[in-house]
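Chain residues, written in single-letter form:
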Amino acid sequence: MQLKLSKPICFFDLETTGINIAKDRIVEIAILKVFPNGNKESFVWKVNPTIPIPKVTSDIHGITDEMVVNEPTFKELAPKVFALIKDSDLAGFNSNRFDIPLLAEELLRAEIDYDLKKAASVDVQTIFHKKEKRTLEAAYKFYCDEDLLDAHSAAADTNATFEVLKAQLDRYEDLENDVTSLAAFSSHNRFADFAGYIGINKKGQETFAFGKHKGALVEDVLKKEPGYFGWLLNADFPLYTKKVLTRIKLSKLNNKL
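Residues numbered from 1 in each chain as written. Predicted model: local features only at pLDDT ≥ 70, side-chain atom pairs only at ≥ 80, totals over all residues. Heavy atoms only, no water.

Engineer: Looking at this model, I keep getting lost on helix α4 (residues 95-109). Mind explaining?
Structural biologist: Side chains of residues three or four places apart in an α-helix project in the same direction, reflecting 3.6 residues per turn. α4 sits mainly inside the fold: 12 of its 15 residues count as buried. Regarding α4, the residues found buried are S95, N96, F98, D99, I100, P101, L102, L103, A104, E105, E106 and L107. A positive backbone phi angle near 65° is found at E111, which sits one or two residues after α4. (Buried < 20%, exposed > 50% of the residue type's maximum accessible area, 1.4 Å probe, protein only. Helix = DSSP H or I, 4+ residues; strand = E, 2+ residues; numbered from the N terminus.)

Engineer: It is not clear to me how the nonpolar core should be interpreted in this structure. Could you clarify?
Structural biologist: One recurring pattern in soluble globular proteins is that nonpolar side chains are buried together. Formed by 44 residues in total, the largest nonpolar core has its most connected members in I29, I31, F74, I85, L103, L116 and F208. Those elements that place two or more of their residues in this core are β1 (9-16), β2 (26-34), α3 (74-85), α4, α9 (218-224), α10 (226-234) and α11 (239-256). For L103, the contacting residues outside a window of four places in its chain are F12, L14, I26, I29, F74, V81, I85 and L116. Core analysis: the second largest hydrophobic core is formed by 30 residues, F128, L165, Y172 and V179 among them. (Core = buried A, V, L, I, M, F, W, Y, C linked by side-chain atoms within 4.5 Å. Contact = heavy atoms within 4.5 Å.)

Engineer: I'm lost on the sheet that holds strand β3 (residues 40-46) in this one. Help?
Structural biologist: Two orientations exist for strands paired in a sheet by backbone hydrogen bonds: parallel and antiparallel. Taken together, the five strands give an open sheet; going across it, the order is β3-β2-β1-β4-β5, and neighbouring strands pair in mixed fashion. A single partner strand is all that each edge strand has here, and the edge strands are β3 and β5 (121-123). Going from strand to strand, the sheet's axes swing by 20° on average, the running direction of each strand aside. Where β1 meets strand β4 (residues 89-92), three bridges bridge the pair, whose relative direction is parallel. Looking at the pairing, I9 lines up with D89 of β4. (Pairing = 2+ DSSP bridges. Axes fitted to C-alpha atoms, helices over the stretch in contact; angles between N-to-C directions.)

Engineer: Help me understand the pattern of salt bridges, please; the structure alone is not making it clear to me.
Structural biologist: Side-chain pairs of opposite charge can arise where the charged atoms are in close proximity. Inspection of the entire model under this criterion finds 13 salt bridges. The closest approach of N and O atoms between D87 and K33, which form a salt bridge, is 2.9 Å. One end of the pair, D87, is in the loop between α3 and β4; the other, K33, is in strand β2, and 54 residues separate them in sequence. R247 is the partner of E206 in a salt bridge, and the nearest nitrogen-oxygen pair spans 3.2 Å. Here E206 is found in strand β7 (residues 206-208), whereas its partner R247 is found in helix α11, with 41 residues between them in sequence. Its relative accessible area of 43% is what places R247 among the partly exposed residues. (Salt bridge = Lys/Arg side-chain N within 4 Å of Asp/Glu carboxyl O.)

Engineer: Just to check I follow, could you spell out the environment of I112 for this structure?
Structural biologist: As for its position among the elements, I112 is in the loop between α4 and β5. The class of I112 is buried, set by a relative accessible area of 15%. Spatially, the C-alpha atom of I112 lies 8.0 Å from that of F82, the residues being 30 residues apart in sequence. Aside from chain neighbours lying at most four places away, what touches I112 is A78, P79, F82 and L107.

Engineer: Is there a simple way to think about the side chain of T158 in this case?
Structural biologist: Mapping T158 onto the fold places it in helix α7 (residues 154-171). By relative accessible area, which is 3% here, T158 ends up buried. Those residues in contact with T158 that sit more than four places away from it in its chain are F11, F12, D13, A30 and L32.

Engineer: It is not clear to me how helix α6 (residues 136-144) should be interpreted in this structure. Could you clarify?
Structural biologist: Within the sequence span of α6, burial applies to L136, A139, Y140 and Y143. Taken end-on, α6 shows its buried residues confined to a sector of 100°, consistent with a single buried face. The secondary structure elements touched by the buried residues of α6 are α5 (124-131) and α7. Just downstream of α6, D145 is the residue with a positive phi angle, here 55°. (Arc of directions from axis to C-beta.)

Engineer: I'm lost on unusual backbone geometry in this one. Help?
Structural biologist: Glycine aside, the phi torsion of most residues is negative, and most peptide linkages are trans. Positive phi, close to 70°, is recorded for N94, a residue that is not glycine. Residue placement: N94 occurs in the loop between β4 and α4. A positive phi angle, near 65°, is found at E111, a position not held by glycine. Along the chain, E111 falls in the loop between α4 and β5. A relative accessible area of 65% places E111 in the exposed class.

Engineer: I tried to follow the environment of L239 on my own but got confused; where do I start?
Structural biologist: Within the secondary structure, L239 sits in helix α11. Given a relative accessible area of 32%, L239 falls into the partly exposed group. C-alpha separation for the pair L239 and P101, spaced 138 residues apart in sequence, amounts to 9.8 Å. With residues near it in sequence (within four places) discarded, L239 still touches E105, L108 and R109.

Bear in mind that shape data such as this cannot, by itself, settle questions of function.
Here it is in structure tokens:
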């Protein structure tokens, strides 16, 4: 089954130095851009993360410091990546919880202030887990009856993810072939940020999803404890989370003017 698209969608996968969204960096990025007419463009870049790649991580994806020392940094690649995704929805495998949050951090570090929340994001892993609850290799075998060769290579994982989503649409009649619907089905709890520190309640209000103020309205806490905002900005939170907090703070101030 072919995807019904009203705009392009970018399937992408990241290989990184680790799994800490705030601290780790991209070492490889693959993007498969699929257009409404069925045309596809594929890009793969190795990336110099500017920080060491731990051996335990290299053992998983096979990318070492020596392999990327002469590759461009993400800041150098960022304009190309942004040009590819700015008009597109997004899709990946575990992308809502990891790849999109980390990409948002890297774009902000590269001084590209683009809000990835504006794009619909289809997480193929979530659809798979809700339907079958397994790994990408198992998903590829289950849905496509193929063995995933070169797993943990960004290009192989990206293409496998694209093929799995199409096969999922063929298998499950209740899945609507529409990116907005797929994004809604593959989402978890609603959050204003990517890392899950700022939740959104049933009234659409931002709330803290962690710590001593868990469940409290962000704007109420920032009003009652002005120093807490400064602590949050200086603490080890993702840049995107800090961006959301700053937006809420500025919005409250603007409403007073």
